[in-house]
Amino acid sequence: MIGDDTSLHADTGVTSGMFVERSLNEIRFWARIMKEHSLFLRLGFRAEDTQLIQEANQFYRLFEQIEQTAHSFNNQTDPEHIRRFNSEVQQAATNIFGFKRKVLGLILTCKLPGANNFPLLVDHTSREANYFRKRLVELNQGKLQSLPDAIIKENVFFLRIMADHAKFIGHLLDPSERKLVDVARNFSNDFDQLLYQARDLESMKPQSQTAPLLDQFLDQNRVSVASLRDFKKTARDLIEQCKIKSIIHPLLADHVFREADRFLEIIDMFDAHLTGGTR
Ligand SMILES: [Fe+2]
Ligand SMILES: [Fe+2]
């Protein structure tokens, strides 16, 4: 879990203990996410796309291995060892990013007619891979952004991710689930608005980076993210119990729930730093 003392960003340097803990936290979370992306992509390919299926399976195994290795380390592991591990994982994230962009290209040039991965979903998963990659570069360089910069950047990234999730859910539910499709569309609109607000705040930098504005920004985002997270949890439970009609894989429902939960942890961590006067 991301706690107060394990924040992703701070103005001060990173101690080696924090470096190990943060690195393992990021890798354990995102390696599982990358592994699951490989599965979702594979499920969306056509039976004849054997080469793509094979590539997806290779990435699945690679990230499964990375996940296991990350769990075999602990906070006492030698930082140098972790630094090398971060570089290896960063390379793997770069490679899966390339694979996702290649698949996106194939879809957008109509080379995979009848396949079932939405272009926006493939683009979305590539953005997550890029985020993961950049986070590892940052950790290894020990260069962290200032708290106000990190607050705006992380929120711009995650608000778009949340807006996308709402759109995916809305499109993968059966059209006859009219009520739920409506709820998903409302979340999509809500998060599009929040994203525009975040970009406005970003364009007003650095003048917009006052403690009251950033505090209010986090509070407003938290309310919507918490309610989207709860909706995803409900959807996940209903899908698992086979109570609603959809083409959503139960693991995808859980996957987007975990990503919302991650965003909430990050918001809370920023809030604690902001009000704790760590800046
Ligand atoms: Fe994801
Ligand atoms: Fe996502």
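Residues numbered from 1 in each chain as written. Chains lettered and ligands numbered in written order. Predicted model: local features only at pLDDT ≥ 70, side-chain atom pairs only at ≥ 80, totals over all residues.

Our focus in this paragraph is the domain arrangement of the protein. Domain assignment breaks the protein into domain 1 (8-144) and domain 2 (146-279). Each partner contributes to the interface: domain 1 provides 14 residues, whereas domain 2 provides 17 residues. For the side of domain 1 that touches domain 2, the elements supplying multiple residues, two or more each, are helix H1 (16-44) and helix H4 (119-141). In terms of residues, the side of domain 1 that touches domain 2 owes the most to one element, H1, which gives 5 residues. Grouping the amino acids of the side of domain 1 that touches domain 2 by side-chain chemistry returns 10 nonpolar, 2 polar and 2 charged. (Domains from an automatic or database assignment. Contact = placed C-beta atoms within 7 Å. Helix = DSSP H or I, 4+ residues; strand = E, 2+ residues; numbered from the N terminus. Nonpolar A, V, L, I, M, F, W, Y, C, P; charged D, E, K, R; others polar.)

Turning our attention to the environment of Ala226. Locating Ala226 in the fold gives a position in helix H7 (residues 211-240). Given 15 C-beta atoms within a 10 Å radius, Ala226 is considered partly exposed. In this structure the C-alpha to C-alpha distance between Ala226 and Phe263, which are 37 residues apart in sequence, comes to 9.4 Å. (Buried ≥ 20, exposed ≤ 12 C-beta atoms within 10 Å, placed from the backbone.)

Below, the discussion takes up the nonpolar core. Within soluble globular proteins, side chains that are nonpolar tend to cluster in buried spots. Residues Leu159, Met162, Ala166 and Phe191 are the most contacted members of the largest nonpolar core, which totals 36 residues. Contributing elements (two or more residues each) for this core: helix H5 (147-172), helix H6 (178-203), H7 and helix H8 (250-275). If we skip the residues at most four places from it in the chain, Leu159 touches Phe191, Leu194, Leu195, Ala198 and Asn221. In this structure, Ile96, Phe97, Leu121 and Ala129 belong to the second largest nonpolar core, which totals 29 residues. (Core = buried A, V, L, I, M, F, W, Y, C linked by C-beta atoms within 7 Å.)

Any two packed helices are characterised by how steeply their axes cross, that is the angle between the axes, and by the distance between the axes. The interhelical angle for the contact between H1 and helix H2 (residues 50-72), taken along N-to-C directions, is 160°, at an axis separation of 8 Å. The orientation of H1 with respect to H2, classified from their angle, is roughly antiparallel. Once H1 is placed against H2, the crossing between them reads as left-handed. Along the contact surface, H1 presents Leu24, Ile27, Arg28, Ala31, Arg32, Met34, Lys35, Ser38, Leu39, Leu41 and Arg42, while H2 presents Ile53, Ala56, Asn57, Phe59, Tyr60, Phe63, Glu64, Ile66, Glu67, Ala70 and His71. (Axes fitted to C-alpha atoms, helices over the stretch in contact; angles between N-to-C directions. Parallel < 35°, antiparallel > 145°, perpendicular 65-115°, else oblique. Left-handed = near helix turned anticlockwise from the far one by under 90°.)

Mean pLDDT for the protein: 93, with 94% of residues reaching 70 or above. Low pLDDT, under 50, characterises residues 1-12; the predicted model gives this stretch 27 contacts beyond four residues in sequence or across chains. (pLDDT = per-residue confidence, 0-100.)

What follows is about unusual backbone geometry. Between Lys205 and Pro206 the backbone carries a cis peptide bond, its omega angle lying at -5°. Along the chain, Pro206 turns up in the loop between H6 and H7.

Because the α-helix completes a turn every 3.6 residues, residues three or four places apart line up on one side. Helix length check: H7, at 30 residues, gives a terminal C-alpha distance of 42 Å against a target of 44 Å (1.5 Å per residue), a fit within 8%. Buried within H7 we find Leu214, Phe217, Asn221, Val225, Leu228, Arg229, Phe231, Lys232, Ala235, Arg236 and Ile239. (Expected span 1.5 Å × (residues − 1).)

As for its position among the elements, Ile239 is in helix H7. Among the residues examined, Ile239 registers 20 C-beta atoms within 10 Å and is labelled buried. Each C-alpha atom of the pair Ile239 and Pro250 lies 6.0 Å from the other, and the pair is 11 residues apart in sequence. Discounting chain neighbours no more than four positions away, the residues touching Ile239 are Ile244, Ser246, Ile248, Pro250 and Ala253.

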